[in-house]
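Residues per chain are reported as follows:
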Amino acid sequence: MTESSAAFRGSEILIDNSIDLASGDAPATWWQCRATAELSSAAEVELYLPCMAGQATRLWRLPEGLAAPNGHRWLPLREAVYQLPEDTWLSAARAMAYANWRAANRFCGRCGTKNIDKADELAVQCPACGNLGFPRLSPAILAVVYKDGQLLLARNAANKAGFWSLLAGFVEPGERFEDCVKREVREEVGIEIEVDSYLGSQPWPFPDQLMIGFSARWVAGELHPDGLEIAEAGWFSPTALPFVPKTGSLSRRLIDQACRNLTTS
Ligand SMILES: [Zn+2]
């Protein structure tokens, strides 16, 4: 098997200058870069991924501010999310998450000794106390809430783009997904719901979320946005949607699906 290379700088990926994601015909291996001694010597982290999109891949995590080598440029991975099919960007997202996780776990969280890579799996181990560290995932729910032929959308106070989206929130320790959906909706807009079904998921490595979508229906209460996280919330019919997120994210996919459901029901 041939070995390929991928390099990251924070949430940016190093790509060949000849790659044009917007053209619609970017190669499946768009995420590969040419391995150089310069990359290897500058890397904060070097990791070996046995199977990335069917190829063994060497990953580098490079320091902030490092210029792209000749013939390459840095591309925010989010741009790939919005321009490529999910199957095409997910492998790069997975690699970036590993590279960033490894950079953030150079030392044991328990005793401070420098971690070493485990030989048989993608994990770190402390040579002094034996503490094991695995890549971190932060599960977060998305809530598709229906009421009387309308869909609940909200505008997040921190969202500079000003779009309206599904309510979302991180799963807390000791909480089931469905409990999290109910709690987040209650905390953010003050209504009670029933959770009906699982709708899908999407890794979102900015830095380490796993988004999980659920369908729910309104049971009681009036919308009262919390004013902190949620600036505004409302019920929308599919024919009068506000400004919603760009195509590519799970939230947009679920909004589109909800609108189709409302239109055909
Ligand atoms: Zn330790």
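Residues numbered from 1 in each chain as written. Predicted model: local features only at pLDDT ≥ 70, side-chain atom pairs only at ≥ 80, totals over all residues.

## A few points about the pairing of strand β13 (residues 192–204)
Here is step 1 of the chain: In this sheet, strand β14 (residues 209–220) lies alongside β13 in antiparallel orientation, the contact comprising 11 bridges. Residue pairing across strands places E194 opposite R217, the latter belonging to β14.
Here is step 2 of the chain: Connecting β13 to the next strand, β14, in antiparallel fashion are 4 residues. (Pairing = 2+ DSSP bridges. Helix = DSSP H or I, 4+ residues; strand = E, 2+ residues; numbered from the N terminus.)

## A word on the sheet that holds strand β7 (residues 124–125)
Here is step 1 of the chain: Judged by pairing direction, the sheet is antiparallel, and its 3 strands sit side by side in the order β6-β7-β8 without closing on themselves. Where the open sheet ends on each side, the last strands, each with one partner, are β6 (116–117) and β8 (132–133).
Here is step 2 of the chain: The pairing of β7 with β8 spans 2 bridges and is antiparallel. Directly across from Q125, in β8, lies its bridge partner L132.

## Focus on the domain arrangement of the protein
Here is step 1 of the chain: By the assigned domains, the protein splits into domain 1 (3–104), domain 2 (105–135) and domain 3 (138–264).
Here is step 2 of the chain: Using C-alpha coordinates to define each centre, domain 1 is positioned 31 Å away from domain 3.
Here is step 3 of the chain: Facing 10 residues of domain 1, the contacting portion of domain 3 comprises 8 residues.
Here is step 4 of the chain: Looking at the side of domain 1 that touches domain 3, the elements that each hand over two or more residues are α2 (77–83) and α3 (86–103).
Here is step 5 of the chain: Per-element accounting of the side of domain 1 that touches domain 3 gives the leading share, 6 residues, to α3.
Here is step 6 of the chain: Across the side of domain 1 that touches domain 3, the residue classes tally to 6 nonpolar, 2 polar and 2 charged. (Domains from an automatic or database assignment. Contact = placed C-beta atoms within 7 Å. Nonpolar A, V, L, I, M, F, W, Y, C, P; charged D, E, K, R; others polar.)

## Here's the deal with unusual backbone geometry
Here is step 1 of the chain: Cis rather than trans, the peptide bond between F206 and P207 has omega equal to 10 degrees.
Here is step 2 of the chain: On the secondary structure map, P207 appears in the loop between β13 and β14.
Here is step 3 of the chain: The phi dihedral of D148 is positive, around 50 degrees, even though this residue is not glycine.

## Concerning helix α4 (residues 177–189)
Here is step 1 of the chain: Compared with an ideal rise of 1.5 Å per residue, which puts 13 residues at 18 Å, α4 spans 18 Å between its outermost C-alpha atoms and is within 8% of the ideal.
Here is step 2 of the chain: Of the positions making up α4, those classed as buried are C180, V181, K182, E184, V185, E188 and V189.
Here is step 3 of the chain: Along its buried surface, α4 packs onto β9 (138–147), β10 (150–156), β12 (167–170), β13, β14 and β15 (230–236).
Here is step 4 of the chain: Immediately beyond the C-terminal end of α4, within one or two residues, lies G190, with a positive phi of roughly 80 degrees. (Expected span 1.5 Å × (residues − 1). Buried ≥ 20, exposed ≤ 12 C-beta atoms within 10 Å, placed from the backbone.)

## Remarks on the sheet that holds strand β1 (residues 3–9)
Here is step 1 of the chain: Here 5 strands make up an open sheet; going across it, the order is β3-β4-β1-β2-β5 and the pairing mixed. In the strand order of this sheet, the two ends are held by β3 (45–52) and β5 (72–76), each with one partner. Strand-to-strand twist in this sheet, taken as the mean axis angle between neighbours without regard to direction, amounts to 35 degrees.
Here is step 2 of the chain: Of the strand pairs in this sheet, strand β2 (residues 12–16) and β5 are connected by 5 bridges, and their pairing is antiparallel. In the sheet register, D16 faces β5, and the bridge partner there is H72.
Here is step 3 of the chain: Here α3 sits on the sheet and contacts β1, β2, β3 and β4 (55–61); the angle it forms with β3, its principal contact strand, is near 145 degrees. (Axes fitted to C-alpha atoms, helices over the stretch in contact; angles between N-to-C directions.)

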